[in-house]
Amino acid sequence: MTKNLFLGIVLMVPMTAWPANAADNLKPRLIVQITADQLRGDLLDRYRAALPNGFGRIEAQGYWIHEGIVDHALTLSFPGHATLATGMNPAHHGLTGNEWWVEKDGKWGEIDVSQDKRYKVIDAPKRQGVSAVNLLAPTLGEWTKSVNPRAKSVALGTGNPIPVAYAGHHANAAYWYDASINEFTTSTYYATKLAPWVAAFNKGALASFQKRVWTLTVPDEQLSLAAPDDDPNERFGRNNTFPHAYAAEARPASGGTLPTEFSVWWDGTPLKDEALLALAAKAVDAEKLGQGDVVDYLAIDLGSTDDVGHDFGPFSLEQFDTLKRLDRALGEFLDHLDAAVGKGRYVLALSADHGVIDPTDPGVNGRILRPAELEALLDRIEQVATEDSLTEETLKEKIVAVLKNSDFVADAYTEERLAQPSSDPFIRLYANVMRRGLTTNFPLWTKRERPHHPARYNIIVRFKENMVIDAAAAVHGSPYAQDRLVPIIFAGAGIHHGEEAAGARTVDVAPTLAAAAGIPTPKGLDGHPVPAALLTR
Ligand SMILES: [Zn+2]
Ligand SMILES: [Zn+2]
């Protein structure tokens, strides 16, 4: 941190500042953990002057680490969110992918890491039930409840069902938006019926967020900050300009995919996070979060940045507009916290589960891999695996050799190799996300049944830098910088004002929030409080 930067911050503090020096400032009653999915480290810098409300207030008053580090490979959502929530690396919190490659009923295939047949998603009979049983570590919400059983923990989100990563095993509420039923809902793991404030929101306020068309709210003078609206890579060239309206975009003649439900279309817009922040304000009121004599916890998972980023790319006008909308909605939510909880009576963190790589970025010298290339590589592995009389050890060596022979693969790791000390920085990043027997098939995604997929043998593959799968306009999941650098900002009670370029990791977010709120942390965490962010208590 330079002195000039620090002075700049002090001068920028607006009228609505948190009390700078009051004794109250050291006694938060509410921890608010906000995560914007796929918010890359450089996006808040790029749009700093254009986001003056919620983001601007958090930046100007908080402690801003511009390039926070995701300290593990496989930069996918569940591993990233659970790391933010638990202060542990995926190898220790257990959610080492979004899906795992496992044997079920004699066949090898994917299961979601949150899947749990013993439970149901309320109002959604076609959805599989979810729980946190595969999460091995308690979350910050659980630490908070363990200090005082009267403390409340609430996790809300629009990534389905990401709030599980924050709610963990014990929470007062965990709700996410499910497009298949157009409702915020939960699993019977957490509740037998929807809380009255959620049921009322689904029946009432939600509709007002769904009448809206996704119009451009970026003013003319800021348009040049983002890429041109009609970039052909956005949404593979279809329906890629403003305004975005269901009526037009669902029509097959305009490249739409009728009978896409309205709710599925809406799920890909920033309108859902505007609704989410309104629901979060309802949660604060109904559950009286931060309004008693104990410390409560509220997690907010903003999912639209991930959906819009995948569809349009990180520098698209659509992602800029999404951030503009989030900025206003966040500002209103902070105003609500000030009124309901009190200025200086809450501490918050804003971060992201991972960044993203845009393969069309002029600075990126990569290639988009077609599914057929991945299938051809997996075919070769199936062939090797059916050769006679191989021991498992020999087979694993052969699979690694086939993988490393591919022109887009940089390396392939067995669990044994990841357990050895090494000066190769990638070894540590992959070791941080290895859980024996529960290995993801990412990035070697396949539509076919593959009994000898490398994931079965706990082999994880690293693609060469900027070799990305053909899933969207922009994707994440790699161990490279653009996927691993995210903003980390702490603000509010117990937090020092300042900034630094880099240093802290996402694994440090939960321990820092706990330290600011005076919540004891479990022993053996991978993360540590960030001392520079904390006011001396
Ligand atoms: Zn994500
Ligand atoms: Zn994503």
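Each residue is numbered by its place in its chain's sequence as written, counting from 1. The lettering of chains begins at A and the numbering of ligands begins at 1, in the order of writing. At least 70 in pLDDT is required for a residue's local features to be given in this predicted model, at least 80 for side-chain atom pairs to be given and counted, and no such filter applies to totals for whole chains, interfaces and linings, which use all residues.

**Regarding the overall build of the protein chain**
What the protein chain contains, in helices and strands, is 20 helices and 15 strands. Taking the principal axes of the C-alpha coordinates as reference, the protein chain spans close to 75 × 55 × 50 Å. Between the buried cut of 20 or more and the exposed cut of 12 or fewer other C-beta atoms within 10 Å of a residue's own C-beta lies the partly exposed class, and all C-beta atoms are placed from the backbone. Relative to its full complement of 537 residues, the protein chain shows a buried share of 53%. What counts as a contact here is a pair of residues whose C-beta atoms, placed from the backbone, lie within 7 Å. For the protein chain, long-range pairs separated by at least 24 residues make up 74% of all intrachain contacts whose partners lie at least 6 apart in sequence. Under the DSSP-based scheme used, a helix requires at least four consecutive residues in state H or I and a strand at least two consecutive residues in state E, with every element numbered from the N terminus.

**Considering the pairing of strand 3 (residues 99-104)**
Within a regular strand, the side chains alternate between the two sheet faces. Two strands qualify as a pair provided that DSSP identifies no fewer than 2 bridges between them. Judged from the six bridges that link them, strand 3 and strand 4 (residues 107-112) form a sheet pairing that is antiparallel. Residue pairing for strand 4: glutamate 99 is matched across the bridge by aspartate 112. Between strand 3 and strand 4, which pair antiparallel and follow one another directly, the connecting turn spans two residues, one of which, aspartate 105, has a positive phi of 50°.

**Remarks on the nonpolar core**
Soluble globular proteins tend to bury their nonpolar side chains together. Leu156, Ala280, Leu298 and Leu513 are the most contacted members of the largest nonpolar core, which has 147 residues in total. Per element, the largest residue contribution to this core is nine residues, and it comes from helix 14 (residues 317-340). Domain start and stop points were drawn from an automatic or database domain assignment. Mapped onto the domain boundaries, this core takes at least three residues apiece from domain 1 (29-215 + 256-360 + 482-520) and domain 2 (368-465). Ignoring sequence-local partners within four residues, the contact set of alanine 280 consists of Leu156, Leu298, Ile300 and Phe333. Linking buried Ala, Val, Leu, Ile, Met, Phe, Trp, Tyr and Cys residues through C-beta atoms within 7 Å yields a set, and such a set is a nonpolar core.

**Notes on helix 8 (residues 196-203)**
All buried positions along helix 8 are accounted for by Val198, Phe201 and Asn202. Viewed end-on, helix 8 has its buried residues packed into an arc of 100°, placing them on one side of the element. Turned more than 90 degrees away from the buried face of helix 8, the exposed residues are Pro196 and Lys203. Buried positions along helix 8 lie against strand 6 (173-178), strand 7 (183-185), helix 9 (205-210) and helix 12 (271-286). Note that the arc is computed from the directions linking the helix axis to the C-beta atoms.

**Quick word on the domain arrangement of the protein chain**
How big an interface is tends to be stated in terms of the accessible area lost upon association of its parts. The domain boundaries assigned to the protein chain delineate domain 1 (29-215 + 256-360 + 482-520) and domain 2 (368-465). Relative to domain 2, the C-alpha centre of domain 1 lies at a distance of 31 Å. Each partner contributes residues to the interface: domain 1 has 21 residues there, and domain 2 has 21 residues. In terms of residues, the side of domain 1 that touches domain 2 owes the most to one element, strand 4, which gives four residues.

**Some remarks on the confidence of the model for the protein chain**
Detailed conclusions should not be drawn from predicted coordinates in areas where pLDDT is low. Residue-level confidence of the predictor is summarised by pLDDT, bounded by 0 at the bottom and 100 at the top. Per-residue confidence for the protein chain gives a mean pLDDT of 92, with 93% of residues at or over 70. Confidence scores differ between elements of the protein chain, with helix 1 (residues 3-12) showing the lowest mean pLDDT of 33 and strand 5 (residues 153-157) the highest of 99. A low-confidence stretch, residues 1-25 stays under pLDDT 50, and its non-local contacts, those more than four residues away or across chains, total 33 contacts.

**Looking at the packing of helix 12 against helix 14**
Packing of helix 12 against helix 14 brings their axes to within 9 Å, and their N-to-C directions diverge by 5°. Between helix 12 and helix 14, the angle is such that the two are roughly parallel. On helix 14, the residues that touch Asp273, Glu274, Leu277, Ala280, Ala281, Val284 and Asp285 of helix 12 are Arg325, Leu326, Ala329, Leu330, Phe333, His336, Leu337 and Ala340. For every element, the axis is a line fit to its C-alpha atoms; helices are fit only across the contacting stretch, and the angle between N-to-C directions ranges from 0 to 180 degrees. Any angle that falls under 35 degrees is termed roughly parallel, while one over 145 is termed roughly antiparallel, one within 65 to 115 roughly perpendicular, and all others oblique.

**Brief notes about helix 15 (residues 371-385)**
In this scheme, a helix's expected span is set at 1.5 Å multiplied by one less than its residue total. Counted at 1.5 Å a residue, the expected span for helix 15 with its 15 residues is 21 Å, and the 21 Å between its end C-alpha atoms agrees. What helix 15 keeps buried is the set Leu377, Leu378 and Ile381. Around the axis of helix 15, the buried residues are gathered within 95° of arc, so they sit on the same side. Residues Ala372, Ala376 and Gln383 are exposed on helix 15 and point more than 90 degrees away from its buried face. In the core, the buried residues of helix 15 are packed alongside helix 16 (392-404).

**Side note on the sheet that holds strand 1 (residues 30-36)**
If you trace the nine strands from one edge of the open sheet to the other, you get 7-6-5-8-1-9-14-2-15, paired in mixed fashion. Single-partner strands in this sheet number two, and they are strand 7 and strand 15 (498-505). Pairwise comparison of adjacent strand axes, ignoring direction, gives a mean angle of 15° for this sheet. Pairing between strand 1 and strand 8 (residues 296-302): seven bridges, direction parallel.

**Comments concerning the packing of helix 3 (residues 54-61) against helix 14**
One way to put it is that helix 3 packs onto helix 14 with a least axis distance of 6 Å and a crossing angle of 65°. Our classification of the angle between helix 3 and helix 14 gives roughly perpendicular. Along the contact surface, helix 3 presents Gly54, Phe55 and Arg57, while helix 14 presents Leu326, Asp327, Ala329, Leu330, Gly331, Phe333 and Leu334. Three classes are used: nonpolar for Ala, Val, Leu, Ile, Met, Phe, Trp, Tyr, Cys and Pro, charged for Asp, Glu, Lys and Arg, and polar for all others, with Gly counted as polar. Residues of the contact of helix 3 with helix 14, tallied by class, amount to six nonpolar, two polar and two charged.

**What about the environment of leucine 135?**
Along the chain, leucine 135 falls in the loop between strand 4 and helix 6 (140-147). Between the C-alpha atom of leucine 135 and that of histidine 92, which follows or precedes it by 43 residues, the distance is 9.0 Å. Once residues lying within four places of it in the same chain are set aside, the contact partners of leucine 135 are Ala82, His93, Gly94, Leu95 and Gly168.

**Quick look at unusual backbone geometry**
Of all residues except glycine, most have a negative phi; of all peptide bonds, most are trans. For the peptide bond that leads from asparagine 160 to proline 161, omega is -5°, which places it in the cis range. Structurally, the position occupied by proline 161 is in the loop between strand 5 and helix 7 (163-167). The step from phenylalanine 442 to proline 443 runs through a cis peptide bond, and the omega angle for that step is 0°. For proline 443, the position within the fold is in the loop between helix 18 (425-431) and strand 12 (460-463). If you check the backbone angles, glutamine 38 has positive phi at about 70° while not being a glycine. Relative to the elements of secondary structure, glutamine 38 occurs in the loop between strand 1 and helix 2 (43-46). By the C-beta count within 10 Å, which is 31 here, glutamine 38 ends up buried.

**Considerations on the pairing of strand 1**
Most of strand 1 is tucked away, with seven of its seven residues classed as buried. Every second residue of strand 1 is oriented toward a common face, with Leu30, Val32, Ile34 and Ala36 on one face and Ile31, Gln33 and Thr35 on the other, all of them buried.

**Description of the environment of valine 530**
For valine 530, the location among the structural elements is in the segment after helix 20 (509-517). A count of 24 C-beta atoms within 10 Å places valine 530 in the buried class. Residues valine 530 and glycine 355, spaced 175 residues apart in sequence, show a C-alpha to C-alpha distance of 21 Å. If near-sequence neighbours (up to four positions away) are discounted, valine 530 is found in contact with Ala504, Asp508 and Thr512.

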